[in-house]
Amino acid sequence: MIRTTVRGALAAAAMLFVTLFSAEPSSASAQDVATLAQSPATLTGRAWIAAGTIPAVQPTLSPPPVAPSTASAPHAASLQQLVGDMPVESDLAADLKCVAQAVYFEARGEPLDGQLAIAEVIINRATSGRYPSDYCAVVTQRAQFSFVRRGRIPAVDAASTAWRRAKAVAQIAQQDLWESTANDALYFHATYVRPGWARQKQQLAQIDTHVFYR
């Protein structure tokens, strides 16, 4: 009887050993293994919990804010200072040179505000749709500027201070760097003449010996 009992106990133990080490994993265990085999990046929070593993939370780093651009037009306390700050050593583009030539011949003896207003008239005409669309064609248009002879602009004194100043003023007007009292002007005349068309226009300003209209 005792021998039979011992033999039975040994048989039961052997069966338990075989069950533990040779049995197929349960469906739940197989699912856990498959889940853990996935790349951590593909697991949702619920899958990690089901797998019994909770990943470390990685902080989301926001890109640093982009600072606004500080590039801007040259700043000056006066038109005179702005004229002095403009680059005038190199040659101007041909179209802009025509603006400078008009400033030189029409207003080189005028205050800077008056010179700027002359440049504004040419640029405003070129963008108005009523006149040619490039500056040189505006300046050389027949019967518009008295210094033009047979469609040609005379030579300037390229070494003079007046020409350097006219080049600076032309650039300021083109880049709209300074507000002129005649900013919207399309027409002007000298104070010593009284053209008939002036009565039909809106006067904007008188600067020294020129009157400007829109």
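For the structure given in this document, a descriptive report is provided here. Quick caveat: nothing in here was measured; it's all calculated off a predicted structure.

1. Comments concerning the nonpolar core
For step 1, the next point in the chain: With 51 residues, the main nonpolar core has Ile-122, Ile-172 and Phe-212 as its most contacted residues.
For step 2, the next point in the chain: Of all elements in the fold, only helix H4 (79-85), helix H5 (94-107), helix H6 (112-128), helix H7 (135-139), helix H8 (161-175), strand S1 (187-190), strand S2 (203-207) and strand S3 (210-213) reach the threshold of two or more residues within this core.
For step 3, the next point in the chain: If you tally residues by element for this core, the top one is H6, at nine residues.

2. Notes on the pairing of S1
Side-chain positions along a regular strand alternate between the two faces of the sheet.
For step 1, the next point in the chain: Of the two faces of S1, both are covered, the one formed by Tyr-187 and His-189 as well as the one formed by Phe-188 and Ala-190.
For step 2, the next point in the chain: With four bridges joining them, S1 and S3 adopt antiparallel strand pairing. Looking across to S3, one finds that Ala-190 is bridged to His-210.

3. Examining the packing of aromatic side chains
For step 1, the next point in the chain: Summed over the entire model, instances satisfying the criterion amount to eight aromatic pairs.
For step 2, the next point in the chain: Their ring planes at 20° and their centres at 5.2 Å tell us that Phe-105 and Phe-147 sit as a pair that is stacked. You can see Phe-105 sitting in helix H5 and its partner Phe-147 sitting in the loop between H7 and H8, a full 42 residues away along the chain.
For step 3, the next point in the chain: With relative accessibility at 9%, the residue Phe-147 sits in the buried group.
For step 4, the next point in the chain: Site record: aromatic cluster; members linked through ring pairs are Tyr-104, Phe-105, Phe-145, Phe-147, Trp-163, Phe-188 and Phe-212.
For step 5, the next point in the chain: Its end group placed over the ring of Tyr-104, Arg-108 keeps NZ or CZ at 4.5 Å from the ring centre.

4. Some points on H6
For step 1, the next point in the chain: Between its terminal C-alpha atoms H6 stretches 24 Å, which fits the 24 Å expected from 17 residues at 1.5 Å a residue.
For step 2, the next point in the chain: Of the residues flanking the end of H6, it is Gly-129, one or two places downstream, whose phi is positive at about 85°.

5. What to know about H8
For step 1, the next point in the chain: Look at H8: 21 Å from first C-alpha to last across 15 residues, which is about the 21 Å you get at 1.5 Å a residue.
For step 2, the next point in the chain: Within the sequence span of H8, burial applies to Ala-162, Trp-163, Ala-166, Lys-167, Ala-168, Val-169, Ala-170, Gln-171, Ile-172 and Ala-173.
For step 3, the next point in the chain: Buried residues along H8 sit against H4, H5 and H6.

Calculation criteria
- Residues numbered from 1 in each chain as written.
- Predicted model: local features only at pLDDT ≥ 70, side-chain atom pairs only at ≥ 80, totals over all residues.
- Heavy atoms only, no water.
- Core = buried A, V, L, I, M, F, W, Y, C linked by side-chain atoms within 4.5 Å.
- Buried < 20%, exposed > 50% of the residue type's maximum accessible area, 1.4 Å probe, protein only.
- Helix = DSSP H or I, 4+ residues; strand = E, 2+ residues; numbered from the N terminus.
- Pairing = 2+ DSSP bridges.
- Phe/Tyr/Trp six-rings, centres within 6.5 Å; stacked < 30°, edge-to-face > 60°.
- Lys NZ or Arg CZ within 6 Å of the ring centre and 35° of its normal.
- Expected span 1.5 Å × (residues − 1).
- Contact = heavy atoms within 4.5 Å.

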